[in-house]
Amino acid sequence: MTTFDQMAIGQKIEGPKFAVSRESIRLFCDASLDYNPLHLDDDYMKGDFGRTNFGGVIMHGMNNFGLLTRMLTDWAYPAGGIQRRLETRWLKPVRPGDTIQPFGSITAKQTTQRSRWVVIDVLVQNQAGALIATGEAMVEFPAEWAAIV
């Protein structure tokens, strides 16, 4: 476990790899109650959406968000951290057969009178190294936890 004091700008965080399948997409549909045909219907996905053609069903963007959140909480919680903010932008669709993985890099640390904060640039890549999503997270390490951890 890394403590807040040991964290450094540039420190890397790595989340688990996730193999995307039709089953994992369907399970996320069930969990989120989002049965949009974008995620389930190959015939529907043969069409164009304005200037976009996805070429088949795609994974929910919020599944990326969930993977990033898991990475952040797995990293921060043992050190007394609480994820306070996560903003992301989806860059590419994720399809069945892709393997994606979240990563982070600490870009700032700040101590205030009441707490301690870390800002993290986050991203998700696929098996080819293509950027799927990018964003920024903020994790708080409350001062009252410092005595406990």
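Look up a bit, the structure's there.
Residues numbered from 1 in each chain as written. Predicted model: local features only at pLDDT ≥ 70, side-chain atom pairs only at ≥ 80, totals over all residues. Heavy atoms only, no water.

### A word on the overall build of the chain
Phase 1: Within the chain, the regular secondary structure consists of three helices and six strands.
Phase 2: Reading the chain from its N end, one meets helices and strands in the order β-β-α-α-β-β-β-β-α.
Phase 3: With the principal axes as the frame, the chain shows a C-alpha extent of 55 × 25 × 25 Å.
Phase 4: In the chain, which comprises 149 residues, the share counted as buried stands at 36%.
Phase 5: Looking at the chain alone, contacts between residues at least 24 apart form 65% of all its contacts between residues at least 6 apart.
Phase 6: About 8500 Å² of surface is accessible on the chain, with carbon and sulfur atoms providing 52% of the total. (Helix = DSSP H or I, 4+ residues; strand = E, 2+ residues; numbered from the N terminus. Buried < 20%, exposed > 50% of the residue type's maximum accessible area, 1.4 Å probe, protein only. Contact = heavy atoms within 4.5 Å. Areas by Shrake-Rupley, 256 points an atom, 1.4 Å probe, with all protein chains shown as cover.)

### Digging into the environment of Ser105
Phase 1: Structurally, Ser105 can be placed in strand 4 (residues 99–111).
Phase 2: Aside from chain neighbours lying at most four places away, what touches Ser105 is Gly10, Gln11, Lys12, Val119, Ile120 and Asp121.

### A word on helix 2 (residues 61–76)
Phase 1: End to end, helix 2 covers 23 Å across 16 residues, agreeing with the expected 22 Å (1.5 Å per residue, within 8%).
Phase 2: All buried positions along helix 2 are accounted for by Asn63, Asn64, Leu67, Leu68, Met71, Leu72, Trp75 and Ala76. (Expected span 1.5 Å × (residues − 1).)

### Structural notes on the nonpolar core
Phase 1: In terms of nonpolar packing, the biggest core is built from 26 residues, with Met7, Trp75, Ile100, Val118, Ile120, Val122 and Phe141 touching the most fellow members.
Phase 2: Once you skip the residues sitting within four places of it in the chain, Val122 turns out to touch Leu68, Met71, Leu72, Leu86, Phe103, Gly104, Ala133, Thr134, Gly135, Glu136 and Ala137.
Phase 3: Formed by five residues, the second largest nonpolar core is a distinct cluster that contains Leu38, Phe54, Val57 and Ile58. (Core = buried A, V, L, I, M, F, W, Y, C linked by side-chain atoms within 4.5 Å.)

### Description of helix 1 (residues 22–32)
Each α-helix turn comprises 3.6 residues. Residues three or four places apart therefore point the same way.
Phase 1: Buried residues of helix 1: Ser24, Ile25 and Cys29, and no others. Down the axis of helix 1, the buried side of the element spans an arc of 150°, and every buried residue falls inside it. Structural note: helix 1 exposes Glu23, Leu27 and Ala31 on the side pointing more than 90 degrees away from its buried face.
Phase 2: Where helix 1 is buried, its residues touch strand 2 (18–19).
Phase 3: The first or second residue beyond helix 1 is Leu33, which carries a positive phi of 60°. (Arc of directions from axis to C-beta.)

### Section: the side chain of Asn63
Phase 1: For Asn63, the location among the structural elements is in helix 2.
Phase 2: Its relative accessible area of 9% is what places Asn63 among the buried residues.
Phase 3: Setting aside residues no more than four positions away along its own chain, Asn63 makes contact with Phe18 and Phe28.

### Observations concerning the pattern of salt bridges
Phase 1: Counting across every chain of the model gives six salt bridges.
Phase 2: Between Arg85 and Glu87 there is a salt bridge, with the nearest N and O atoms lying 3.3 Å from each other.
Phase 3: Its relative accessible area of 24% is what places Arg85 among the partly exposed residues.
Phase 4: Residue Glu87 is classed as partly exposed on the basis of its relative accessible area of 46%.
Phase 5: Where salt bridges share partners, they join Arg85, Glu87 and Glu136 into one cluster. (Salt bridge = Lys/Arg side-chain N within 4 Å of Asp/Glu carboxyl O.)

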